[in-house]
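Examination of the molecular architecture
Listed here are the chains, written in short residue letters.
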Amino acid sequence: MLSTLITSKSRIELLTWFVSHPGERFHYLQLDKLLKSSRASLQKELKRLEDGGILRSAKEGNIRFYWVNQEHPLYPELKSIVFKTAGLADFLRESLGKLGTVEEAFIYGSVAKNVEDMGSDVDVMIIGDVDMDALHEALGAAEDRIGREINPAVYSREDWDRRVAAGQAFAADVLGGKRIFLIGDEHGLTAAS
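So, here is what we can say about the structure in this document. (Residues numbered from 1 in each chain as written. Predicted model: local features only at pLDDT ≥ 70, side-chain atom pairs only at ≥ 80, totals over all residues. Heavy atoms only, no water.)

Some words on the layout of surface pockets
Here the idea is plain: a probe the size of a water molecule rolls over the atoms and shows the empty space left. Which entries qualify depends on this criterion: Only protein atoms enter the calculation, which uses a 1 Å grid: trapped sets of points that fit a 1.4 Å probe without letting it out are cavities, open sets showing protein on both sides within 12 Å along at least five of seven lines are pockets, and any residue with an atom within 4 Å of a point is a lining residue. Grid points are joined across faces, edges and corners, and a volume is the space filled by probe spheres set on the points. Each helix corresponds to a stretch of at least 4 residues labelled H or I by DSSP, and each strand to a stretch of at least 2 residues labelled E; elements are numbered beginning at the N terminus. All residues other than Ala, Val, Leu, Ile, Met, Phe, Trp, Tyr, Cys, Pro, Asp, Glu, Lys and Arg, Gly among them, are scored as polar; the first ten of these are nonpolar and the last four charged.
Here the largest pocket is characterised by a volume of approximately 290 Å³. In terms of lining residues, the largest pocket is bounded by K9, I12, E13, T16, W17, L34, L35, K36, D144 and R145. Breaking the lining of the largest pocket down by element, the ones donating at least two residues are α1 (9-20) and α7 (132-146). Among the elements that make up the lining of the largest pocket, the one with the highest residue count is α1 (five residues). Tallied by class, the residues present in the lining of the largest pocket amount to four nonpolar, one polar and five charged.

This is the structure:
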């Protein structure tokens, strides 16, 4: 899906990797081993992303390190697009037939708030009737793709609505915080609540 907006496979891989690892620095040889891009394409895209301000770099000794510029004005939107397409959402959408009925799925917590660090996992809320084995298989594939641990919270619609109606602290915190929707939207989340 992201490939319809960005035609360079290398750029998509780099964006996905860096957005999924904010605060971490990588040098060219690390990226070459981690990603499937050709070396020439990798070098070209690193330069383009740095020239566009999406990436920053610094040379230490003979090694240049790159990291995502979280201060870039487009970073929050770029992060949302990456997670909705090249990150978790594609894996969840592709697995929907095996997962069951997913009404809403969204990222919440530190990743959605843009306050995560290198050790933060990705908190994902899934509301619906879900096959847990299929879900863990899909999330395992997504973890491999983005290189981050994914922590799912799964609720049936009825259970989630009960928690919201009862004013449970966790539900109130999730509803009061920022979210990156992978499946569904704000209206679907709050319509039944």
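Here the narrative resumes.
Quick notes on the packing of α1 against helix α3 (residues 39-51)
Our working rule: Structural elements are reduced to axes, namely lines fitted to C-alpha atoms, with helices fitted over the stretch in contact, and the angle between N-to-C directions of any two is expressed from 0 to 180 degrees. Angles are sorted into four bins: roughly parallel if under 35 degrees, roughly antiparallel if over 145, roughly perpendicular if 65 to 115, and oblique for all others. The handedness criterion is simple: a crossing whose near helix is rotated anticlockwise from the far helix by less than a right angle is left-handed, and one whose near helix is rotated clockwise is right-handed. We call two residues in contact when some of their heavy atoms are within 4.5 Å.
Closest axis-to-axis distance for the α1/α3 pair is 9 Å, and the angle between their directions is 60 degrees. Considering their axes alone, α1 and α3 lie oblique with respect to each other. Where α1 crosses over α3, the handedness of that crossing is right-handed. Judged by residue contacts, S10, R11, L14, L15 and F18 of α1 engage S41, L42, E45, L46, R48 and L49 from α3. Here the residues of the contact of α1 with α3 are counted per class, giving six nonpolar, two polar and three charged.

Considering the sheet that holds strand β7 (residues 180-183)
Basically, it comes down to this: Strands qualify as paired when DSSP identifies two bridges or more between them.
The strand order β6-β5-β4-β7 describes an open sheet built from four strands, whose pairing is mixed. Of all strands in the sheet, those bounded by a partner on one side alone are β6 (150-155) and β7. Ignoring which end each strand starts from, the neighbouring axes of this sheet average 25 degrees apart. Both strand β4 (residues 100-108) and β7 contribute to a ladder of three bridges, which runs antiparallel. Within β7, the position partnered with A105 by the bridge is I183. Strands in contact with helix α9 (residues 169-176) are β4, β5 (122-130) and β6; relative to β4, the strand with the most contacts, it is inclined by about 70 degrees.

Some thoughts on the pattern of salt bridges
Where we set the bar: Salt bridge criterion: a side-chain nitrogen from Lys or Arg within 4 Å of a carboxyl oxygen from Asp or Glu. In this scheme, a residue with accessible area under 20% of its type's maximum is buried, one over 50% is exposed, and one in between is partly exposed, where area comes from a 1.4 Å probe on protein chains only.
What the rule picks out here adds up to 11 salt bridges. With a closest N to O distance of 3.4 Å, E45 and R48 form a salt bridge. Remark: R48 and E45 occur in helix α3; sequence separation between them is three residues, near one turn of the helix. Given a relative accessible area of 44%, R48 falls into the partly exposed group.

Brief notes about the nonpolar core
A general feature of soluble globular proteins is that nonpolar side chains tend to end up buried together. Where we set the bar: Only buried residues count toward a nonpolar core. Its members are Ala, Val, Leu, Ile, Met, Phe, Trp, Tyr and Cys residues joined through side-chain atoms within 4.5 Å.
With 40 residues, the main nonpolar core has L14, F18, L31, L46, I107 and V122 as its most contacted residues. Looking at which element gives the most residues to this core, the answer is α7, with six residues. Formed by 12 residues, the second largest nonpolar core is a distinct cluster that contains F106, A153, Y155 and L189.

Side note on the pairing of β4
In the sheet, β4 pairs with β5 via eight bridges, with the strands oriented antiparallel. Following the sheet pairing, T101 is matched in β5 by D129.

Overview of the packing of aromatic side chains
Each aromatic ring pair is characterised by the separation of its centres together with the angle its planes make. As a reminder of what qualifies: Only Phe, Tyr and Trp rings are paired, with Trp represented by its six-membered ring, and only when their centres lie within 6.5 Å; those with planes under 30 degrees apart are stacked, over 60 edge-to-face, the remainder tilted.
Taken as a whole and judged by the stated rule, the model has seven aromatic pairs. Ring plane angle 70 degrees and centroid distance 5.8 Å describe the contact between W17 and F26, whose orientation is recorded as edge-to-face. For the pair W17 and F26, a shared accessibility class is recorded, and that class is buried. The interplanar angle of 75 degrees and the centroid separation of 5.9 Å between the aromatic rings of Y108 and F170 together place this pair among those described as edge-to-face. With Y108 in strand β4 and F170 in helix α9, the pair connects residues that are 62 residues apart, well separated along the chain.

Geometry only, nothing functional implied.
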